[in-house]
Amino acid sequence: MELNSESHVPKYAQIADIFRQRVARGIWAKGLRLPANEELAAEFGVSRVTIRQAVELLSREGVIEAQQGRGTFVTGTVKQDRWLRVETTLSDLAEMYRDTSPEIINISESRTDAPLLPEDGKPASKYVFMRRVHSRQKEPYCVISIYLDERIFRRHPRRFRNETVIPILSDLRDPEIARARQTLTIGTADLEVARLLKVPLNSPVAEVRRVFSSADQTVIYLGEVTYRGDFVRIDMDLRP
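Counting restarts for each chain: residues are numbered from 1 in the order of the written sequence. For a predicted model such as this one, the threshold for reporting local features is a pLDDT of at least 70, and the threshold for listing and counting side-chain atom pairs is 80 or more; totals across whole chains, interfaces and linings nevertheless cover every residue. Note: side-chain values were computed over all heavy atoms of the structure, leaving out hydrogens and water.

K.L.:
What exactly am I supposed to notice about unusual backbone geometry here?
P.N.:
Peptide bonds are, in most cases, trans, and in most cases residues other than glycine have a negative phi. Following D174, the chain continues into P175 via a peptide bond in cis, with omega recorded as 0 degrees. Mapped onto the secondary structure, P175 falls in the loop between α7 (165-170) and β7 (179-188). Positioned with a positive phi, K198 is a non-glycine residue whose angle comes to about 60 degrees. Here K198 is to be found in the loop between α8 (191-197) and β8 (204-213). Phi is positive for Q217, close to 70 degrees, though the residue is something other than glycine. Its place among the elements puts Q217 in the loop between β8 and β9 (219-228). Note on Q217: relative accessible area 55%, which makes it exposed. The way it works is that DSSP assigns letters per residue, a run of H or I at least four long becomes a helix, a run of E at least two long becomes a strand, and they are numbered from the N terminus. Accessible area is worked out with a 1.4 Å probe on protein chains only. A residue is then buried under 20% of its type maximum, exposed over 50%, and partly exposed in between.

K.L.:
Just to check I follow, could you spell out the nonpolar core for this structure?
P.N.:
Soluble, globular proteins show a tendency: their nonpolar side chains are buried together. Residues belong to one nonpolar core when they are buried, are Ala, Val, Leu, Ile, Met, Phe, Trp, Tyr or Cys, and are joined through side-chain atoms within 4.5 Å. Formed by 29 residues in total, the largest nonpolar core has its most connected members in L148, F160, V165, L169, F212, Y221 and Y227. Elements with a minimum of two residues in this core: α4 (90-100), β5 (127-136), β6 (139-149), α5 (150-153), α7, β8 and β9. Not counting the four nearest positions on each side in its chain, F160 is found in contact with M130, R132, L148, I152, F153, V165, I168 and L169. Membership of the second largest hydrophobic core comes to 20 residues, among which are W28, L57, V63 and V74. Here a residue-residue contact requires only that any non-hydrogen atoms of the pair lie within 4.5 Å.

K.L.:
Is there a simple way to explain helix α2 (residues 37-44) in this structure?
P.N.:
Because the α-helix completes a turn every 3.6 residues, residues three or four places apart line up on one side. Taken residue by residue, α2 has L40, A41 and F44 as its buried positions. Mapping the buried residues of α2 onto a view down its axis gives an arc of 100 degrees, with all of them on the same face. For α2, the exposed residues set more than 90 degrees away from the buried face come down to E39 and A42. Positive phi appears at G45, one or two residues downstream of α2, with a value of about 70 degrees. Of all possible arcs, the one meant is that of the directions from the helix axis to the C-beta atoms.

K.L.:
What should I look at first to understand the packing of helix α1 (residues 11-24) against α2 in this one?
P.N.:
When two helices pack together, their arrangement is given by the angle between their axes and by how far apart the axes lie. It is at 12 Å that the axes of α1 and α2 come closest, and there the two elements cross at 110 degrees. As summarised for this structure, α1 and α2 are arranged roughly perpendicular, according to the angle between their axes. Between α1, through I15, I18, F19 and R22, and α2, the contact on the second element is made entirely by L40, E43 and F44. Gly falls in the polar group here, along with every residue not listed as nonpolar (Ala, Val, Leu, Ile, Met, Phe, Trp, Tyr, Cys, Pro) or charged (Asp, Glu, Lys, Arg). Its residues assigned to classes, the contact of α1 with α2 shows 5 nonpolar, no polar and 2 charged. Lines fitted to C-alpha atoms define the axes here, with helix axes fitted over just the stretch in contact, and angles between the N-to-C directions of these axes take values from 0 to 180 degrees. These descriptions rest on fixed angle ranges, namely under 35 degrees for roughly parallel, over 145 for roughly antiparallel, 65 to 115 for roughly perpendicular, and the rest for oblique.

Here you go:
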């Protein structure tokens, strides 16, 4: 298996992540003896030292264990921490952001036009652009680009800069959100996103595009969000 030589993530960490996924998916079941280090080194085109580093990393996590004279065995399970639900109603989305209370790092802010599609609605005269990273317990889980109607931003600039935007918008009565849509696409992390979310280059990500419009079809909010794939869970009720 070929590793990503352009990634800032060390090879041993990339290999450990692959091992982790094999355990999580049941490819390597609990109690399984792993192939010999020489065999794994040949699979990934690395030295046995790199394989040992990957094994030691997962040993510290309690996932596998190297037993002297016997080999390396899967002894635990991978913690499933897909706590971030992709909500399908505006009220649930607003409550989710209230409940998670993410730590926010603002990367940039400017006045600009929004990259709207024809079907999105009418553009506002000007938007405030904010790019930020949301984290939970110091662990980044999404990068978000926000285009917010400047007239709305100017009402509560301090709150919009320091809090999540959607709960504030959902409480507005003038203008009230008359239409809210979102689309979700599965993609891979580019170099910037990988750096900001601390994941390997080309890791799976969920890309969500949200558009909120007022009664006169003016787009008051556009959010383009990239979530770490290992944090996202999608639950949907299927109609009979």
